[in-house]
Structures are given as structure tokens and as C-alpha cells.
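Single-letter residue listing:
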Amino acid sequence: MGIRENVRAILKKLPEGIILEAAIKTKTTKEILEAIDAGIKIVGDNYAQEMENRYKEIGNKVKWHFIGHPQKNKVRKLVKFVSLIETIDSIKLAEEINKRCSALDKVMPVLVEVNSGKEIQKAGVFPENTEKLIIEISKLPHIKVLGLMTMGPRFGNPEDSRPYFIETKKVFEKIKTLKLPNIEMKYLSMGMTNSYKIAIEEGANIVRIGTLIFGERK
Ligand SMILES: *Cc1c(COP(=O)(O)O)cnc(C)c1O
């Protein structure tokens with residue numbers, strides 16, 4: 001099957017209210033345009049430079065989400081065209097975004113990335129530290145938290161991901177009950193090609209899918 005058919009097949013089966021984000025890392029402009037043509041409205045990339053290059057060619061016919069870990073010097077360019085940064089995991093990064101958005105007089109919507117597997121080499125804030133980070137970010141006027149994102153550990157069997165999605169959803173709901181000012185717990189971004197069905201069952205409303213749309217990455 002081609003990219004078009006893949007996108008249509010996923011969209012057809014996706015439950016109401018679930019947002020499909022195409023993960024475009026390593027993909028060409030032509031491939032991305034094909035996915036957009038078939039109904040993709042949001043693309044996500046984890047390489048700032050690659051994303052900027054694609055944006056220059058594709059522009060605003062889709063929304064751009066950043067799902068990687070930007071070096072400080074990339075933030076200034078990213079905040080100009082990205083509509084959601086899904087990977088905030090430190091107050092330092094939040095402050096940098098706040099500063100850059102202040103200069104542009106805009107408010108950047110973000111998700112906080114939870115390291116739900118507590119893997120030391122991985123990005124994200126540990127579940128038990130998430131609330132504290134969000135309270136700190138809530139004080140920054142040019143950044144607004146709209147929810148959480150998690151990767152979870154990689155497994156062959158998608159069922160093994162379930163506890164990490166459950167854990168992230170629990171943190172999401174807890175923070176929601178706090179009704180913090182300047183925080184709106186609206187999006188829960190979890191699940192990739194092999195785990196998105198489980199993620200949806202556990203409360204995800206954004207799924208980030210690469211391989212199932214574009215085929216295996218080389
Ligand atoms: C690559 C990537 C995805 C998509 O992964 P697939 O397994 O190809 O669907 C989702 N989220 C992030 C952060 C990624 O880097």
C-alpha cells in the first residue's frame with residue numbers, strides 16, 4: 001500500500017475525537033505532501049533543522065508539532081512556525097521558549113513530556129515530578145501547558161506499553177483536578193505505530209504515527 005492508502009485506512013478506523021499526527025522524521029517533502037493530500041492535518045518532527053527545511057517547502061497547509069529535544073539555539077526559529085511543542089521536560093527549556101515568545105508577543109502551546117518508564121537515558125520528567133514542573137511553568141506568561149506527552153519504553157509487544165500509558169493518564173487527571181491558572185489539560189499525546197490502539201484505550205487523544213503511514217525508516 002502507498003502513503004495515501006495508509007493514511008486513509010488509519011483515519012477511517014480512528015475513533016471520533018482522536019487526532020492523528022504524522023511523524024515525518026527522515027521523510028521527503030513529496031512523501032509528506034502525499035500524506036497531507038490524503039487527510040493529514042498535523043505533522044510532527046523531532047529534528048529542528050529538518051522540520052524547518054520541510055516547513056519552508058510545505059508551509060501552513062498543515063500544523064507543525066515539535067516532538068524532539070531542541071538545542072537552545074534552535075528555539076528561536078522553532079517558535080515562529082510551530083503550533084505545539086510536545087516535549088517540554090525542564091524549566092530551563094520552558095524559560096527559553098517563554099523568552100523567545102515574549103519577543104514575538106505570542107504564547108506557545110506546549111505539552112510536558114513524561115518519562116513514564118523512568119528510563120535514565122531518556123528525555124522527559126518523571127511522573128512524580130510532573131506536577132511541580134507544571135506549576136513552575138504556569139507562571140510563565142508566554143507559554144501555556146495544554147497537556148502531556150509520553151513515549152514509554154519500546155517493546156515488541158504493544159500490550160507491554162499499557163501500564164506506562166495508564167500511569168501518564170493518571171498524572172494527567174491529577175493535574176486536571178488542580179485547576180491551575182494558565183494550564184489547560186486538554187491533550188494527551190501517547191502511542192506510535194505499534195502501540196497507538198492501546199494508547200487510545202488508555203485515554204490518548206493525539207497519536208503520533210510514522211511507520212504505519214510512510215513504511216519502515218531506513
Ligand atoms: C518517530 C516518532 C514517532 C513515530 O514512530 P513510529 O513507530 O514510526 O510510528 C512518534 N513519536 C516520536 C516522538 C517519534 O520520534
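Residues numbered from 1 in each chain as written. Predicted model: local features only at pLDDT ≥ 70, side-chain atom pairs only at ≥ 80, totals over all residues. Heavy atoms only, no water.

Remarks on helix α6 (residues 130-137)
Right, on to step 1. For α6, the full list of buried residues reads T130, L133, I134 and I137. Projected down its long axis, α6 shows its buried positions confined to an angular sector of 100°, all on one face.
Right, on to step 2. Its buried side turned inward, α6 meets β4 (84-88), α5 (91-104), β5 (108-114), β6 (143-150), α7 (162-178) and β7 (183-190). (Buried < 20%, exposed > 50% of the residue type's maximum accessible area, 1.4 Å probe, protein only. Helix = DSSP H or I, 4+ residues; strand = E, 2+ residues; numbered from the N terminus. Arc of directions from axis to C-beta. Contact = heavy atoms within 4.5 Å.)

Considerations on the side chain of N115
Right, on to step 1. The residue N115 is located in the loop between β5 and α6 in this model.
Right, on to step 2. Residue N115 is classed as buried on the basis of its relative accessible area, which comes to 3%.
Right, on to step 3. At 3.4 Å, the side chain of N115 forms a polar contact with the backbone oxygen of K122.
Right, on to step 4. What N115 contacts, discounting residues up to four positions off in sequence, is K122, A123, G124, V125, F126 and P127. (Polar contact = N/O pair within 3.5 Å; in protein donor to acceptor, adjacent residues only side chain to side chain.)

With respect to the site of the ligand
Right, on to step 1. Taken together, 14 residues sit near the ligand, with K25, N46, T193, T211 and R217 positioned nearest.
Right, on to step 2. R217 places a polar side-chain atom, nitrogen or oxygen, 2.8 Å from an oxygen atom of the ligand.
Right, on to step 3. Its free accessible area being 390 Å², the ligand has 96% of it covered by the protein chains. (Near = heavy atom within 4 Å. Areas by Shrake-Rupley, 256 points an atom, 1.4 Å probe, with all protein chains shown as cover.)

A few points about unusual backbone geometry
Right, on to step 1. In this structure, T26 is a non-glycine residue whose phi angle is positive, near 70°.
Right, on to step 2. With respect to the helices and strands, T26 occurs in the loop between β1 (19-23) and α2 (29-37).
Right, on to step 3. For K118, which is not glycine, the phi dihedral falls at a positive 50°.
Right, on to step 4. Considering the arrangement of structural elements, one finds K118 in the loop between β5 and α6.
Right, on to step 5. Residue classification places K118 among the partly exposed positions, given a relative accessible area of 42%.

A few points about α7
Right, on to step 1. Compared with an ideal rise of 1.5 Å per residue, which puts 17 residues at 24 Å, α7 spans 25 Å between its outermost C-alpha atoms and is within 8% of the ideal.
Right, on to step 2. Within two residues after α7, K179 carries a phi angle of roughly 45°, on the positive side. (Expected span 1.5 Å × (residues − 1).)

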